[in-house]
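Fold and contact review
Spelled out, the chains give:
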Amino acid sequence: MRDDGHLPPGLERATELLRDESHVRPEWRAAVMASLDRDDPASSIRPVRRWSMRPTAAIAAGVLCAIAGGALTFAATRWSQPARATLAAVDTGRISRVRFTLVAAKAARVSIVGDFNQWNPTTLPMRRSTDGQTWEIEVPLASGRYTYAFFVDGRVARDSAAAESPNDGFGTPSSVILVRGGGT
Amino acid sequence: MVTPLAPRGYHAAEMTDAELARLAKGGDRSAFAMLVDRHAGACLRYATRMLGSREDAEEAAQDAFWRAHRAIDRFDETASFRTWLMQILINRCRTAMLHRKRRTARVVLDEQAIANAGTPSRAGDVELRDALVRALAQIDAGQREAFLLKHVELLSYEEMSAATGVGISALKMRVQRACNHLQILLAEDRHA
């Protein structure tokens, strides 16, 4: 395998040309710095954020967060008993506490990974419930759209019953949650 | 363009990323601005080639800096700021790609980025660069990610693994496959 960092000449030259591209527009830089104090990175470059365009946003004013999925089936073949996951969200203002629940009785260690923790499996370990069947965690999330998955005994498992379970092109199973903060 | 830092009795330009991050943790906006200036070009370059659109790249990179600023207190100063920032950016690009799947065809060649790039020093360089951009858009996203990090951003495999969460062996395989695919696509492009 060629992993010494050397490229064939034709590819090397083309790649060098890509390395030369590092232009930063002053307007963009100013927008970055201006965004730092905001509660979301809403861009002055592109003021309409993708979640603000969703029609269901209208029903979220002042109230609750969306519940992504009701009952979810976790179909990892490692467990003879299918694991099921549910999540619920409670709006506490701009931040919503989203409860993730996964039924995986035979799992030894479960955590949740997603955009909200940079897919780091060590930062949000889930707790086994008293019935011994269920793993739970509550995660404070700002309004927005998050991709997430469960990290079960070293394996990534998505919510296979989620309404949206897009393939990210990397082969990583994942699910999507939409969190609607009430704002005020 | 780089906005000069306000005089603060230190020379931010001479500081390491870790030193600037420590100041940023204390609320020093100028220190964070210096980190932006140091890394924005690479972030935009990576995101542009990953997403195939300068507009999407600017949004993803801005999002990444916003998240980095919000999470700066959790940054481990013994680690590489660049790798940490790239980890955030990579995830933003992955998320952006999920949204992109709902859209129609992409404009792969980004004219603004090309216009802003340095003048090619050799005849045929423009065509060569454009051919590679087109080829990158055709290969698997995981391979494109690995190739860009390794050969354009010049990260080590250890840094790539830390930033992507992918094992080193898998990354090496992705880079190798990317190189093979790109060579084939470039050859096809030459003969088209």
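Now for a look at the structure at hand. (Residues numbered from 1 in each chain as written. Chains lettered and ligands numbered in written order. Predicted model: local features only at pLDDT ≥ 70, side-chain atom pairs only at ≥ 80, totals over all residues. Heavy atoms only, no water.)

This part takes up the overall build of chain B. Scanning chain B for helices and strands turns up nine helices and zero strands. Taking all 192 residues of chain B together, the buried fraction comes to 58%. Carbon and sulfur atoms make up 51% of the accessible area of chain B, which totals about 8,400 Å². (Helix = DSSP H or I, 4+ residues; strand = E, 2+ residues; numbered from the N terminus. Buried < 20%, exposed > 50% of the residue type's maximum accessible area, 1.4 Å probe, protein only. Areas by Shrake-Rupley, 256 points an atom, 1.4 Å probe, with all protein chains shown as cover.)

This brings us to the environment of B:A131. All names here are of chain B. By secondary structure assignment, the location of A131 is in helix α6 (residues 125-138). As for A131 and R190, which are separated by 59 residues in sequence, their C-alpha atoms are 8.3 Å apart. Those residues in contact with A131 that lie beyond four places of it in its chain are L186 and D189. (Contact = heavy atoms within 4.5 Å.)

Moving on, we get to the packing of helix α7 (residues 141-152) of chain B against helix α8 (residues 157-164) of chain B. Residues and elements named next belong to chain B. Between α7 and α8, the least distance of the axes is 10 Å, while the angle of their chain directions is 135 degrees. On the basis of their axis angle, the class for α7 and α8 is oblique. The two elements α7 and α8 meet at a crossing, and its hand is right-handed. Here α7 contributes E145, A146, L149 and K150 to the contact with α8, which in turn contributes Y157, M160 and T164. (Axes fitted to C-alpha atoms, helices over the stretch in contact; angles between N-to-C directions. Parallel < 35°, antiparallel > 145°, perpendicular 65-115°, else oblique. Left-handed = near helix turned anticlockwise from the far one by under 90°.)

What follows concerns the nonpolar core. With 71 residues, the main nonpolar core has B:Y46, B:F65, B:L89 and B:F147 as its most contacted residues. Element by element, the count of residues in this core is highest for helix α2 (residues 29-51) of chain B, at 13 residues. If we ignore the near neighbours within four places in the chain, the residues touching B:F147 are A:L7, A:L11, A:T15, B:L136, B:V152, B:V175, B:A178, B:C179 and B:L182. Of all hydrophobic cores here, the second largest spans 20 residues; its members include A:M126, A:V139, A:Y146 and A:I177. (Core = buried A, V, L, I, M, F, W, Y, C linked by side-chain atoms within 4.5 Å.)

Residues and elements named next belong to chain B. Despite not being glycine, L154 has its phi angle at roughly 60 degrees, a positive value. Residue position: L154 is located in the loop between α7 and α8. In this structure L154 comes out as exposed when scored by relative accessible area, which is 52%.

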